[in-house]
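# Report on the structure
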Amino acid sequence: MSSSAILFTTPPLPTPSINRGTLSFAAAASASASAVSHFPPTPDKLAILLDKSNSIHHLLQIHAALLRHGFHHHHILNFKLQRSYSSQGRLDYSLALFNRTLNPNIFFYTSIINAHALHGLSQEALFIYTQMLYEGVQPNEFTFSSILKSCSLEHGKMLHSQVIKLGFDSDLYVKTGMVDVYARGGDVGSARLVFERMPEKSLVSLTTMLTCYAKHGELKEARLLFDGMVKKDVVCWNVMIDGYAQHGMPNEALALFRRMLAAKARPNEITIIAVLSACGQLGALESGRWLHSYVDTNDIQVNVRLATALIDMYSKCGSLEDARLVFDKIYDKDVVAWNSMIIGYALHGFSQEALELFNEMCRIGLRPTDITFIGVLGACGHAGLVEEGWSFFIAMRVEYEIEPKIEHYGCMVNLLGRAGRLEEAYELVKNMKVEPDPILWGALLGACRLHGNLELGEKIAEHLVSHNLANSGTYILLSNMYAAKGNWEEVARIRTLMKDSGVQKEPGCSSIEVNNRVHEFLAGDLKHPKTEEIYQMLEEMNGWLKAHGYTPQTEIVLHDIGDEQKQQSLEVHSEKLALAYGLISTQPGTPIKIVKNLRVCSDCHAATKLISKITGRKIVMRDRNRFHHFVNGSCSCRDYW
């Protein structure tokens, strides 16, 4: 037994559970050998044929010739054949051939280990590696590079010790593999340490470290590394753009994509999907449409995955019409595509359409997933379909054997809370099989605020604070509940408690896209270059509203100030600033689309309904919970929100 095997002190892993499918050499020998019949059966010519082979049928013909002419123990031919079977996806043939090889050397072992690693069979690869050590075959740098591709962090650390012991810790490919192992395992510190100690860094090793930073949200470090790279391929650009998109920095993702185009780098499907995600987060419909046209004009294939990303983008940007057009063009829709369209309808409050689509999906034989039910329950919540929601929630477990997750409970709490069935929602949360998180409690607390149930609200807030689960929303909702009752003493106490806890209130922010540029506004914002024109339009809007008998809802301003100050506060909400900018920056009659990071306030909601009627404009507003389509004085939510 090799001394290096001693490092693996755990019991030997079980025999690989893959289908070994013992290769029938008799069947292979009986295969047609027409492709090789005109060649003298020499090892050199068979080796050339193996190198050129591009189909499993051709490989079987060569294998037949190899067997008939007695070359079945020829090491080079066996090695090439084993590797070729793996590359053609027949790992069972490759493994059967390996198992029949007499005294396989390191090249055979490395090849079969690599094949298993590429197929994601890390346990099986490790088992073969362990057997190799017991047979006394010493690994080389290619063996380590292969097995590190898919192994876990725990086994990676064990392999790292062997890498150091056997003197391969200075090899570029092995060290890159170690960086990847630590990165995949979430050990960013160890990945950075191995990376920084590399005497030279290839594009692959740089990309591996870049991926590590981006995946784990260390975007400043990722950008520093990215900007310092002399050579960047499309993978590097994709990693950085997707890192921004996945960690809530969509503006940075779009800016980097524009820089990518300026650098003449050619985007691929992965780039497009990441940028579509950024557009969806921002509600940047114009940018999303430009990207769609870029896909069409540059012959990028719109497969199901890309089409689903387009549906998601169009839904989040307020254009369900475009989303449905993309959905209807998908030839072979999978359940992910159906889910995306169902969730799109639910997000816009078109509950009936969402439920009809769900029924159609089930009718054609597709089985719903847990994501499907998030969309369906969300649709029920927006329409107040309590009994239907309960029916779907029960069917999840009973009919489809899907155990509800925290998100499904959140949908049910939202559904029951909006309908005023607070005690029912509270009982559901208390009896959950999973531990409720602050978001779930926050949804219930928000329902208490909506229906003025201070007693239950206090109970929930006390639970969150005592269990160190309170966030800014907890304090703000409770403070607002006291303010609505005129209890300013308790309001002051809660705000002091919030300040002492170091919790910061998330500021309301609204954005609007005009001419492919996203403009963001905070309440009372004075930083925009067109501030003067915006505030002039605000005055004009206030004049329209007064002329139509509108009275500002000053009671929702939960501060101990006079009515005039409350009215002034309402007039400069971020939604109204964005709307004013939209009115002065777009053509009359064209739709205006606004995105708000928080729930739209009731005064802005009522004012926007009236402005849609006065201006003859369709105004689409996406807040934290849903879309509102304002047309001719009405909203798609029917004021149930």
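Residues numbered from 1 in each chain as written. Predicted model: local features only at pLDDT ≥ 70, side-chain atom pairs only at ≥ 80, totals over all residues. Heavy atoms only, no water.

Looking at an unreviewed UniProt entry, the protein carries the name DYW domain-containing protein, with the source organism given as Hibiscus sabdariffa. Taken directly from UniProt, the Sequence similarities (unreviewed entry) text for the protein runs: "Belongs to the PPR family. PCMP-H subfamily." (UniProt positions renumbered as here; feature names shortened; annotations may be inferred.)

Counted at 1.5 Å a residue, the expected span for helix α33 (residues 602–615) with its 14 residues is 20 Å, and the 20 Å between its end C-alpha atoms agrees. Counted residue by residue, α33 has ten buried out of 14 residues, so it is predominantly covered. Within the sequence span of α33, burial applies to Asp 603, Cys 604, His 605, Ala 606, Ala 607, Thr 608, Lys 609, Leu 610, Ile 611 and Ser 612. A positive phi of about 70 degrees marks Gly 616, the residue just after α33. (Helix = DSSP H or I, 4+ residues; strand = E, 2+ residues; numbered from the N terminus. Expected span 1.5 Å × (residues − 1). Buried < 20%, exposed > 50% of the residue type's maximum accessible area, 1.4 Å probe, protein only.)

Strand order in the open sheet formed by six strands is β2-β1-β3-β4-β5-β6, with mixed pairing between adjacent strands. One side of each edge strand has no neighbouring strand; the edge strands of this open sheet are β2 (517–522) and β6 (634–635). In the sheet, strand β5 (residues 627–631) pairs with β6 via two bridges, with the strands oriented antiparallel. Across the sheet, residue Val 631 finds its bridge partner in β6, namely Ser 634. Each of β4 (619–622), β5 and β6 is contacted by α33, which is oriented at about 35 degrees to β5, the strand it contacts most. (Pairing = 2+ DSSP bridges. Contact = heavy atoms within 4.5 Å. Axes fitted to C-alpha atoms, helices over the stretch in contact; angles between N-to-C directions.)

With that settled, the discussion passes to the packing of aromatic side chains. Two aromatic rings are characterised by how far apart their centres lie and by the angle between their planes. Here the structure, examined in full by the defined rule, presents 14 aromatic pairs. On the basis of an interplanar angle of 85 degrees and a centroid distance of 5.1 Å, the ring pair of Phe 327 and Trp 338 is categorised as edge-to-face. Within this pair, whereas Phe 327 is found in helix α19 (residues 320–329), its partner Trp 338 is found in helix α20 (residues 335–347), the two being separated by eleven residues in sequence. Relative accessible area serves as the criterion here: at 5%, Trp 338 is assigned to the buried category. Taking 5.9 Å as the distance between ring centres and 80 degrees as the angle between the ring planes, the aromatic pair formed by Trp 390 and Phe 393 counts as edge-to-face. In this pair, Trp 390 and Phe 393 both sit in helix α23 (residues 386–398), three residues apart, roughly one turn of the helix. Looking at Phe 393, the relative accessible area reads 1%, which means it is buried. Following the ring pairs from residue to residue traces out a cluster consisting of Phe 358, Phe 373, Phe 392 and Tyr 400. One Lys or Arg, Lys 201, reaches over the ring of Phe 195 and ends 5.0 Å from the middle of that ring. A cation over an aromatic ring shows up here: Lys 333 above the ring of Phe 327, its NZ or CZ 4.9 Å from the ring centre. (Phe/Tyr/Trp six-rings, centres within 6.5 Å; stacked < 30°, edge-to-face > 60°. Lys NZ or Arg CZ within 6 Å of the ring centre and 35° of its normal.)

Take the nonpolar core next. If you look at the biggest cluster of nonpolar residues, it comprises 143 residues, and the most contacted ones within it are Tyr 129 and Leu 210. In terms of residue count, helix α16 (residues 269–282) provides more of this core than any other element does, eight residues in total. Ignoring anything within four residues of it in the chain, the contact list for Leu 210 reads Ala 222, Leu 225, Phe 226, Met 229, Cys 236, Val 239 and Met 240. In terms of nonpolar packing, the next biggest core, distinct from the first, is built from 30 residues, Tyr 550, Ala 580, Tyr 581 and Trp 641 among them. (Core = buried A, V, L, I, M, F, W, Y, C linked by side-chain atoms within 4.5 Å.)

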